[in-house]
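What follows is the residue order along each chain.
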Amino acid sequence: MPRKPQEPARKRGAAKPAAPQYQAVIFLGASAVSMMVAERRGTETRVVDVLSQPVNLAGDVFNGGTVTRETMDRCVQVAQGYTALLEEYRQAGEVLVRLLASNILLDVVNRDTLVNRLQISCGLALEVMDDGEMTRLLYQSMQDVLEHHAELQKQRVLVLHVGPGNTRLLLFDKGRINYYASYRMGAHRTGIAIAREDSGSENECSRIRENIRGNMEQIVYDIEPALQDPPDALVIFGPDFHRLHSPLVSGSTVTEESLSRLADEIAETPAVQRMERYREDFAGVPALLPTAVICLSIIRAFQPARILCPGDEAAQLAFLANLMPAQQADVALEDEVVHFAVLLANRYHVDRAHSQHIRRLCMALFDQLKELHGLTRHDRLLLKVACILHEVGSYISPRNHHHHSQYIILNSEIFGLSRRDVEIIGLLARYHRHGAPSPRDHGYSELDIDNRLRVQKMAAILRVAEAMERAHSHRITRFTTALNGRRLEIRIPDVHDLALENSSLRFRAAMFTDIFGYDIILIPGE
């Protein structure tokens, strides 16, 4: 039970110390519901409480695709206990709470029921993590590793995250991301898939390898163009691997031999005894051996010069800390998102000069008109990525390339962005030319009104930039904007003949006028 902070002695007339602010995150994971509470005073933050209770969420999700009533009741019971504890903290100061769930819930049939149960019982809105959130956490974890191992910033480093449902791979080359992909080869997913057979049989490792063989072949094929030689290091993340870390080694270095011995040891241990031997609860046991085998398969496939993994307790604390409410935007992560989008555009031979110029024009329009459009910093990032990728469809055919661009984007993974983000970028690519958004359009029709309006605003700005670069000559390099009555005037100081661009604007700026209520005119320099 948290203790009320004692008021320190102070001189008469001295200002009373500000009350502390508490931040808390309650996380519904694959095999446990955890909570971290941190106290913030001024610029200093310290962790004051970490709790965890086992819940077999993964068992339900990967067995039947629904959360059973028993598991749902257990989640609610644990969450209610945590929120009751937070009431104690509220007696000392303000408490900001975030309720978050693993992305394994994304495809659960009765997810809304669980969301409603938690909302009614705890008064908290449940957020379900998506791939964008997971890659953000993975990127932040890797930055901590690079800070402690500076030599890795000059090397090629393969990053492996074995999650409950998916396995993620990133390739850092001299500190920049050159490859990212996610595969349906998670520890719990794999463990449950082979659970029908006796877990203590001598062929359990072989069955796991056979189960993941197709994914492993795809991984090797996908990453081969970016990684033709063994990486300098492999960094392994994932809560299930962290649990294996303590019996594996005493330090932070892992070898293929030690991991192979551990996999054989787990396979030879009956399931009931695994709980006691590895200090694991009932919900986490099915993931232990698949985690070891998946990591071992990656090691054997790519033969890294060395293998690193963070400490188990520190990694779990860092994971929860990064989920805390009111986290600031990571500028470095945004740069990596843009960098990865450029790599994707290069794969489809996009006109780099045109793409870069459209991006510069779009960003200048976005920044100068921010009071008009009211969009967010994250919207700016999505628009920037759309500028980079809006013509990738020309790789298939210049005709109707906006439709082809949407298709390519929707079937690509963009590091650091959620599925909804990718869908919005695909829509921006589709609507950068020709028809305006329609409620009948696939993808657009599924959006709520707020997201539809975001798409319309960003697509309108992108169309104006396209009109300004109608000649593909890059001659408009700077401009200023001003509202004059019902007209938006864009003054171009370095260009004297804008007939072509103004002619293009008469068609492309119709969406802008419809949304914002302003006609647009380009005014040449004198």
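Placed above this text is the structure.
Residues numbered from 1 in each chain as written. Predicted model: local features only at pLDDT ≥ 70, side-chain atom pairs only at ≥ 80, totals over all residues. Heavy atoms only, no water.

Chemist: In this structure, what is going on with the overall build of the protein? I would like to understand it.
Modeler: Looking only at helices and strands, one finds 20 helices and 14 strands in the protein. Scored against the burial criterion, the 526 residues of the protein give a buried share of 52%. The contacts of the protein with a sequence gap of at least 6 include a subset with a gap of at least 24, amounting to 68%. Put simply, the protein shows about 25200 Å² of open surface, and 47% of that area lies on carbon and sulfur atoms. (Helix = DSSP H or I, 4+ residues; strand = E, 2+ residues; numbered from the N terminus. Buried < 20%, exposed > 50% of the residue type's maximum accessible area, 1.4 Å probe, protein only. Contact = heavy atoms within 4.5 Å. Areas by Shrake-Rupley, 256 points an atom, 1.4 Å probe, with all protein chains shown as cover.)

Chemist: Would you explain the nonpolar core in this entry?
Modeler: Among soluble globular proteins, nonpolar side chains are generally buried collectively. Residues Leu 389, Ile 414, Met 468 and Ile 490 are the most contacted members of the largest nonpolar core, which totals 81 residues. Here the element with the most residues in this core is helix α18 (residues 449–468); it accounts for 10 residues. Beyond its immediate chain neighbours, meaning those up to four positions away, Ile 414 contacts Val 337, Phe 340, Leu 344, Val 385, Leu 389, Val 422 and Ile 425. Counting 40 residues, the second largest nonpolar core, distinct from the first, contains Val 162, Met 216, Leu 296 and Ile 307. (Core = buried A, V, L, I, M, F, W, Y, C linked by side-chain atoms within 4.5 Å.)

Chemist: How should the sheet that holds strand β1 (residues 21–28) be read in this particular structure?
Modeler: Spatial ordering of the open sheet is given by β3-β2-β1-β4-β5, a layout of five strands whose pairing is mixed. Among the strands making up the open sheet, the edge pair consists of β3 (44–54) and β5 (126–128). On average, adjacent strands in this sheet sit at an angle of 20° to one another, irrespective of strand direction. Looking at chain direction, β1 and strand β2 (residues 32–41) are connected through eight bridges and run antiparallel. In the sheet register, Phe 27 faces β2, and the bridge partner there is Ser 34. (Pairing = 2+ DSSP bridges. Axes fitted to C-alpha atoms, helices over the stretch in contact; angles between N-to-C directions.)

Chemist: It is not clear to me how the environment of Glu 127 should be interpreted in this structure. Could you clarify?
Modeler: Summarising the element assignment, Glu 127 is placed in strand β5. The class of Glu 127 is partly exposed, set by a relative accessible area of 35%. Taking the C-alpha atoms as reference, Glu 127 lies 4.7 Å from Leu 100; in sequence the two are 27 residues apart. The residues contacting Glu 127, other than those within four sequence positions of it, are Arg 98, Leu 99, Leu 100 and Ala 101.

Chemist: Which parts of the structure should I look at to understand the packing of aromatic side chains?
Modeler: Two descriptors summarise a pair of aromatic rings, namely the distance from one centre to the other and the angle between the planes of the rings. Under the defined criterion, the tally for this structure stands at seven aromatic pairs. Ring pairing ties together the aromatic residues Tyr 139, Tyr 180, Phe 340 and Phe 415, which thus form one cluster. (Phe/Tyr/Trp six-rings, centres within 6.5 Å; stacked < 30°, edge-to-face > 60°.)

Chemist: Looking at this structure, how should I read the pairing of strand β9 (residues 233–237)?
Modeler: Extensive coverage of β9 is indicated by the burial of five of its five residues. Both faces of β9 are covered, namely the face carrying Ala 233, Val 235 and Phe 237 and the face carrying Leu 234 and Ile 236. As defined by bridge partners, strand β6 (residues 156–162) adjoins β9 across five bridges and the pair is classed as parallel. From the neighbouring strand, Val 157 faces β9, where its bridge partner is Ala 233. Pairing geometry for β9 and strand β11 (residues 307–308), over two bridges, is parallel. Across the sheet, residue Val 235 finds its bridge partner in β11, namely Leu 308.

Chemist: Is there a simple way to think about the sheet that holds strand β14 (residues 519–524) in this case?
Modeler: Backbone-to-backbone hydrogen bonds join strands into a sheet, with any given pair of strands oriented parallel or antiparallel. Strands sit in the order β12-β13-β14 across an open sheet of three strands; the sheet is mixed. Either end of the sheet is taken by a strand with one partner, and the two such strands are β12 (480–484) and β14. When the angles between neighbouring strand axes are averaged without regard to direction, this sheet yields 25°. Where strand β13 (residues 487–492) meets β14, six bridges bridge the pair, whose relative direction is parallel. Opposite Arg 491, over in β14, you have Ile 523 as the bridge partner.

Chemist: Looking at this model, I keep getting lost on the packing of helix α8 (residues 256–268) against helix α10 (residues 285–302). Mind explaining?
Modeler: Two numbers describe a pair of packed helices, the interaxial angle and the distance between the axes. The contact between α8 and α10 brings their axes to 9 Å, and the two run at 150°. As summarised for this structure, α8 and α10 are arranged roughly antiparallel, according to the angle between their axes. Considering how the two elements wind past one another, α8 and α10 form a crossing that is left-handed. Taking contact as the criterion, the partners of Glu 256, Leu 259, Ser 260, Ala 263, Ile 266 and Ala 267 in α8 are, on α10, Leu 288, Leu 289, Ala 292, Cys 295, Leu 296, Ile 299 and Arg 300. (Parallel < 35°, antiparallel > 145°, perpendicular 65-115°, else oblique. Left-handed = near helix turned anticlockwise from the far one by under 90°.)

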